[in-house]
Amino acid sequence: MKTIGKLFALALALLVTTPAADAKKKVEPARINLELPTYANVSQRYGNLDYGVRINVSSDVRSGDMINTNDLPSKEAADFPQVYMDYSLTQSAKQFLDSYASGLGLKVGSSAYSDFVLRVRISDFRLRVRDYNLKKRVFSSSAAAVVSWELYNPENQLVISATTSTGRGSANTKEAIAHPLAQAFEQALAGIDWDRIASQLKIAKTAKQEKNKEVEGMGNSALEHTVIRWNIVSRPQGADVYWRVVSSTPDVANTNANYVGTTPYESTEAFDIKGLSYNNSGNVQIEVSCEKPGYLTQRKRFNLRQAIDQKEISAKFNLVKEEE
């Protein structure tokens, strides 16, 4: 009897103390693992680009600011699951952008081709939770992502100024309550103007297609690949041929005369005149001189805009003997 009495007393004590112990036990909020896409399934649409691109990603977003539960009552806000990611926001964005650009056909990340730099900054990335009630099974959330991007050429010159791309997402089920972040993330990064970027990675076929691009001596302009045919003859033959730049624009400097050969002089050469562009070529001339002992020096000037369009500099010099 004494044993039965002791067991009954112990059971009664457990019934009394268990609820109190449970009340003191703190229940931690659930955790949601947010998986942001790091791989892009896109079809290749660019090929044979002359330059590649290196992608740099930065972020202004703090992890504590990603979830906005201000619309929820305090208890529901406290019960909202903790959202965490296996990779940082910048890591995920870098992997996704590298995959996206590679899938399009761009040359990405190789030291042999990474001539242009795409700088991407994540300025906003947040989830707004409007309803979250487990008992009533009411769930509603939306997300927004904002990125800005700009492109620099190999000389670290800005060729596409800062441009904004945005993304949005929404959900109304508990299982996908944080998924709008992934939707907004992918939409914002995929919304970057890749056609515009690809156009910069290709050397134009003609100078007219890049009227404002100046020759820098790097071989990255159409003018430097525009072949001009030279055909200089004289009567009598055997005269020395010189040429120099005569410029009326501050973009292009005047030069001293350079010897190129003797008549008949035939050659095909590309322009490598620093500062020259198609637009300012109308203010630049090439002066060709013919010199031969016993004869007067003769000079002719050619407008570079006309020479570029015709792809030719051709002249005949009828030399005149000096008076004795």
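Structure first, text after, so check above.
Every value quoted in this text rests on a predicted model; they were computed, and no experiment measured them. (Residues numbered from 1 in each chain as written. Predicted model: local features only at pLDDT ≥ 70, side-chain atom pairs only at ≥ 80, totals over all residues. Heavy atoms only, no water.)

Peer 1: Explain the overall build of the protein to me, please; I cannot follow it from the model alone.
Peer 2: A tally of regular secondary structure across the protein gives 6 helices and 14 strands. With 324 residues in all, the protein has 38% of them scored as buried. In the protein, once contacts between residues fewer than 6 apart in sequence are set aside, the share between residues at least 24 apart is 70%. (Helix = DSSP H or I, 4+ residues; strand = E, 2+ residues; numbered from the N terminus. Buried < 20%, exposed > 50% of the residue type's maximum accessible area, 1.4 Å probe, protein only. Contact = heavy atoms within 4.5 Å.)

Peer 1: Would you mind showing me how to read the environment of Asn256 here?
Peer 2: Within the secondary structure, Asn256 is located in the loop between β9 (240-247) and β10 (258-262). The exposed category is assigned to Asn256, whose relative accessible area is 68%. Linking Asn256 and Arg244, residues 12 residues apart in sequence, is a C-alpha distance of 5.7 Å. The contacts of Asn256, once residues within four sequence positions are left out, are Trp243 and Arg244.

Peer 1: Looking at this structure, I do not really get helix α4 (residues 179-190). What am I missing?
Peer 2: Residue pairs three or four apart in sequence face the same way in an α-helix, which turns once every 3.6 residues. Counted at 1.5 Å a residue, the expected span for α4 with its 12 residues is 16 Å, and the 17 Å between its end C-alpha atoms agrees. Three or more residues of α4 are buried, namely Pro180, Leu181, Ala182, Ala184, Phe185, Ala188 and Leu189. Looking at the packing, one finds that the buried side of α4 touches β3 (67-68), α3 (89-104), β5 (116-133), β6 (138-152), β7 (158-171) and α5 (194-200). (Expected span 1.5 Å × (residues − 1).)

Peer 1: When you look at the sheet that holds strand β11 (residues 265-270) in this model, what are you seeing that I'm missing?
Peer 2: The pairing of strands in a sheet comes from backbone hydrogen bonds and takes either a parallel or an antiparallel form. Spatially, 3 strands are ordered β11-β8-β14 in an open sheet, and the strand pairing comes out mixed. Strand pairing shows two members of the sheet lacking a second neighbour, β11 and β14 (312-318), which therefore form its edges. Strand-to-strand, the axes of this sheet are offset by a mean angle of 15°, without reference to chain direction. When strand β8 (residues 227-235) meets β11, the two strands line up antiparallel, connected through 6 bridges. Looking at β11, one finds that Trp230 is bridged to Ser267. (Pairing = 2+ DSSP bridges. Axes fitted to C-alpha atoms, helices over the stretch in contact; angles between N-to-C directions.)

Peer 1: For this particular structure, what's the right way to read the packing of α3 against α4?
Peer 2: A pair of packed helices is characterised by two quantities: the angle between their axes and the separation of those axes. One can describe the packing of α3 onto α4 by two numbers: an axis separation of 11 Å at closest approach and a directional angle of 50°. In terms of their interaxial angle, α3 and α4 are classed as oblique. Here α3 and α4 pass one another in a crossing that is right-handed. Together, Leu89, Ser92, Ala93, Phe96, Leu97 and Tyr100 of α3 and Phe185, Glu186, Leu189 and Ala190 of α4 make up the contact between the two elements. Of the residues belonging to the contact of α3 with α4, the class tally is 8 nonpolar, 1 polar and 1 charged. (Parallel < 35°, antiparallel > 145°, perpendicular 65-115°, else oblique. Left-handed = near helix turned anticlockwise from the far one by under 90°. Nonpolar A, V, L, I, M, F, W, Y, C, P; charged D, E, K, R; others polar.)

Peer 1: Hey, could you run me through the packing of aromatic side chains in this one?
Peer 2: Two aromatic rings are characterised by how far apart their centres lie and by the angle between their planes. Applying the stated rule across the entire model yields 9 aromatic pairs. Members of the aromatic cluster, joined through ring pairs, are Phe96, Tyr100, Phe125, Phe185 and Trp194. Sitting over the face of the ring of Tyr152, Arg119 holds its NZ or CZ atom 4.0 Å from the ring centroid. Just above the ring of Tyr278 sits the side chain of Arg305; from NZ or CZ to the centre is 4.5 Å. (Phe/Tyr/Trp six-rings, centres within 6.5 Å; stacked < 30°, edge-to-face > 60°. Lys NZ or Arg CZ within 6 Å of the ring centre and 35° of its normal.)

Peer 1: What should I look at first to understand the side chain of Ser277 in this one?
Peer 2: Tracing the chain through its elements places Ser277 in the loop between β11 and β12 (284-291). Among the residues examined, Ser277 registers a relative accessible area of 4% and is labelled buried. Apart from residues no more than four positions distant in its own chain, Ser277 is found in contact with Lys211, Asn212, Lys213, Glu214 and Leu223.

Peer 1: It is not clear to me how the side chain of Thr249 should be interpreted in this structure. Could you clarify?
Peer 2: Tracing the backbone shows Thr249 in the loop between β9 and β10. Classification of Thr249 by relative accessible area gives buried; the value is 10%. Apart from the residues within four sequence positions on either side, Thr249 is in contact with Asn280, Asn283 and Val284.

Peer 1: Honestly, the pattern of salt bridges in this entry has me stumped. Any pointers?
Peer 2: Oppositely charged side chains can form a pair if their charged atoms are brought close together. Enumeration according to the criterion identifies 11 salt bridges in this entry. Its salt-bridge partner being Arg244, residue Glu287 comes within 2.8 Å of it at the nearest N-O pair. With a gap of 43 residues between them, Glu287 in strand β12 and Arg244 in strand β9 connect regions that are remote in the sequence. Its relative accessible area of 6% is what places Glu287 among the buried residues. (Salt bridge = Lys/Arg side-chain N within 4 Å of Asp/Glu carboxyl O.)

Peer 1: I would appreciate a short explanation of the sheet that holds β12 in the present structure.
Peer 2: Pairing is antiparallel in the open sheet, where 4 strands are placed in the order β10-β9-β12-β13. Of all the strands in the sheet, just β10 and β13 (298-303) have a single pairing partner and so form its edges. Taking the axes of each pair of neighbouring strands and ignoring which way they run, one obtains an average angle of 25° across the sheet.

Peer 1: Looking at this structure, how should I read the nonpolar core?
Peer 2: The nonpolar side chains of soluble globular proteins are, as a tendency, buried together. One finds Leu106, Leu118, Val120, Phe125, Trp194 and Ile197 to be the most contacted residues of the largest nonpolar core, which totals 51 residues. Where this core is concerned, the elements lending two or more residues are β2 (53-59), α3, β5, β6, α4 and α5. Looking at this core element by element, the count peaks at 8 residues for β5. Excluding its chain neighbours within four sequence positions, the residues that come into contact with Val120 are Asn56, Val57, Ser58, Leu97, Val147, Ser148, Trp149, Leu189 and Ile192. The next biggest cluster of nonpolar side chains, apart from the first, holds 29 residues, and it includes Trp230, Ala239, Trp243 and Tyr295. (Core = buried A, V, L, I, M, F, W, Y, C linked by side-chain atoms within 4.5 Å.)

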